[in-house]
Amino acid sequence: MKFLTWVFKILFILTFFHLFSLAQEPQVAPESICAEADRLALLGFKAKILKDTTDMLSSWTGKDCCGGGWEGIECDPATGRVNRLILQKPSERDTSIYMKGIISPTLGDLHFLETMIISGMKHIGGTIPVSFSNLTRLQQLILDDNSLQGYIPSSLGHLSSLQTLSLGGNHLSGQIPSIIGNFKNLQQLSLAGNLLKGPMPIAFKNLGNLQSLDLSHNLLSGLVPDFLGQLQNLTYLDLSSNQLSGQIPIPLCNLVKLSFLSLDHNRMTGRIPSQIGKLKALTSLSLSFNKLTGQIPESIAGLPNLWNLSLSRNDLLDPLPIAFSKGLPSLLSIDLSYNNFNLVTVPEWIRNRELSDVNLAGCKLRGTLPNFTRTDSLNSIDLSDNAFTDGISNFFARMSSLQKAKISNNRLKSDVSMIKLPDGISSLDLHSNQLFGSLSRVLSNKTSKFLEAIDVSNNQLSGNIPEFANGLNLKVFNLGNNKIEGQIPTSISNLDKLEMFDISRNQITGTIPIGLGSLVKLQWLDLSINIISGKIPDSLLAIESLRHANFRANRLCGEIPQGRPYNIFSKAAYAHNLCLCGKPLPPCKGKKQEKLGQ
């Protein structure tokens, strides 16, 4: 077989060499001849990319796109034709790496292409070229996380070999075309994160080989269709964050291979069907942010593999299923927040389990905080909007893995300086309680190593704003509405990752430090209702990302920094100060005369 393959390859190359000679093309190395049509198609794409900070396309030089080291290009050694185009951003976090331009229709000339991945480039726009209908050998088409617009072209229906179609994270609009029903071999379909509207096409029922369907974060409406229950190979179904309505269809409970089901952030009504207990392979069930009513069905307790159960923000009623105390052996994460539950106390089957995430906000819990027996497994906990009283000092003591804690809007009374926090905590929200004392120990070098967000607003804290050491990772710092005194420390300039700084409604004195202007990532700044004097420093003009600022009701004086966004914020942001002037307030004295004399 190897011998025949090489004979075929040699004959293929010689044939193309002869054809190019007849056309009086310049002589090139034999191994590059059969890639010439593909090379021109790829260069057509390169020409449409106006900016490439990934530097991938800089390698697209020379006449051999198969053997010349063109990044992202792979060829079939038997034919010498391009069969894989992969331009994928390596890091989603690095926003400086992208391509800007459009996808050229010339890529439709890559007739031997089996895989096309142009993903995560963010600034590649335009429409999906109709010429892609020529790529009849294409098995994987992945164009997600770009800025593509327009409709999904019906011409894609010619790509009968497709196994993966992923167009998520773009700006595609219109309805989902019925031609998707032509993809009999399709296994993965993702259209998530677009602007698609209307109902799901009935043609979906033809996708018998489909294993994963993600239509989340669109504008889809209508009912969740019964025919989805015919897709017996589905293991993943995400229809979250749409405008779907009606009841959860019972035929969905026939998908015995289904491992992941999310219908959250829709307009679903009615009861959770008891037949959901038939989904024995289910590992994650998310029905949050809907209008579901009735009680949680007992049958859910019989799901042996379920590790995530999220039912928050519905109208579900007491009591919780008794069977939950012995069922759900794999459960790790539970969210029952904001329903019509009147739990009074945290159920024993929750307190004694080895859970990683517990969310019971707004469940009418009261009394002292619960005593969890498996504290070392907890990763996040939310007990907000309940009626817990007494202290909090030792509550976190044995939660060695805790990263996020939210116990806001309760009636907790405790000296905040006595709270023992885990070393690795990253987010702490204790706002709207009755906490008192100084915050200095909470922000010690040991405790705050990983801390990114702290909200202790609406309490009775006193003392000064603590000094900030180098290397802190704070992004959110909210001390609003307490009894904090003293000045804003100059070490505030060390918080170079800070995005929100709120010390409003305290008794802060002194001036605004010039170093505050070095916090270039700041988006929210609220210094209102304090006793701060002096002027607003011009150094704040360096904070170009600022979206909200409030200096109201202080003793500030002098000219407001004259540049965006400060001079276009509303007058209310500067009202009730000593003598602030300049846009958006009236001009400073002497400014008119200076202009007249020029």
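This one's a predicted model, so the numbers in the text were calculated from it and none came from an experiment. (Residues numbered from 1 in each chain as written. Predicted model: local features only at pLDDT ≥ 70, side-chain atom pairs only at ≥ 80, totals over all residues. Heavy atoms only, no water.)

1. Some thoughts on the state of the cysteines
Piece 1. Evaluation of the coordinates by the stated rule reveals three disulfides.
Piece 2. Each sulfur in the disulfide pair Cys66 and Cys75 lies 2.0 Å from the other. Here Cys66 and Cys75 share a disulfide; its torsion about the S-S bond, -85°, makes the bridge left-handed.
Piece 3. A relative accessible area of 27% places Cys66 in the partly exposed class.
Piece 4. Here the chain pairs its bonded cysteines, counted in sequence order, in the arrangement 1-2, 3-4, 5-6. (Disulfide = S-S within 2.5 Å. Buried < 20%, exposed > 50% of the residue type's maximum accessible area, 1.4 Å probe, protein only.)

2. Things to note about helix α3 (residues 36–47)
Piece 1. With 12 residues, α3 ought to run about 16 Å at 1.5 Å a step, and its terminal C-alpha atoms sit 16 Å apart, in line with that.
Piece 2. Considered for burial, the residues of α3 that qualify are Glu36, Asp38, Arg39, Ala41, Leu42, Gly44 and Phe45. (Helix = DSSP H or I, 4+ residues; strand = E, 2+ residues; numbered from the N terminus. Expected span 1.5 Å × (residues − 1).)

3. Section: the side chain of Asp64
Piece 1. Here Asp64 is to be found in the loop between β1 (49–52) and β2 (73–75).
Piece 2. No salt bridge is formed by the buried Asp64. Its closest oppositely charged neighbour is Arg39, at 8.1 Å.
Piece 3. Reaching out from Asp64, the side chain makes a polar contact with the backbone nitrogen of Cys66 at a distance of 3.1 Å. (Lys, Arg positive; Asp, Glu negative; His and termini not counted. Salt bridge = Lys/Arg side-chain N within 4 Å of Asp/Glu carboxyl O. Polar contact = N/O pair within 3.5 Å; in protein donor to acceptor, adjacent residues only side chain to side chain.)

4. With respect to the UniProt feature "domain: Leucine-rich repeat-containing N-terminal plant-type" (unreviewed entry) in the chain
Piece 1. In this structure's numbering, the residues bearing the UniProt feature "domain: Leucine-rich repeat-containing N-terminal plant-type" (unreviewed entry) are residues 36–76.
Piece 2. Here residues 36–76 is 29% helix and 17% strand, with 14 Å between the C-alpha atoms at its ends. (UniProt positions renumbered as here; feature names shortened; annotations may be inferred.)

5. Considering the nonpolar core
Piece 1. Formed by 161 residues in total, the largest nonpolar core has its most connected members in Met116, Phe204, Phe396, Phe477, Phe501 and Phe551.
Piece 2. When contributions to this core are tallied by element, the ones reaching two or more residues are α3, β3 (82–88), β5 (115–119) and α4 (348–351).
Piece 3. Not counting residues within four places of it along the chain, the set of residues in contact with Phe396 comprises Leu402, Ala405, Ile407, Ile419, Lys420, Leu421, Pro422 and Leu428. (Core = buried A, V, L, I, M, F, W, Y, C linked by side-chain atoms within 4.5 Å. Contact = heavy atoms within 4.5 Å.)

6. Side note on the packing of aromatic side chains
Piece 1. Scanning the model with the defined rule gives 10 aromatic pairs in all.
Piece 2. For the pair Phe477 and Phe501, a centre-to-centre distance of 6.0 Å together with 10° between the ring planes defines the contact as stacked. With Phe477 in strand β32 (residues 476–478) and Phe501 in strand β33 (residues 500–502), the pair connects residues that are 24 residues apart, well separated along the chain. Side by side, Phe477 and Phe501 carry an identical accessibility label, which is buried.
Piece 3. Following the ring pairs from residue to residue traces out a cluster consisting of Phe45, Trp60 and Trp70.
Piece 4. The ring of Phe112 has Arg137 sitting right over it, with the charged end atom 4.2 Å from the ring centre.
Piece 5. Positioned above the aromatic ring of Tyr338 is the side chain of Arg313, whose terminal nitrogen or guanidinium carbon lies 3.9 Å from the ring centre. (Phe/Tyr/Trp six-rings, centres within 6.5 Å; stacked < 30°, edge-to-face > 60°. Lys NZ or Arg CZ within 6 Å of the ring centre and 35° of its normal.)

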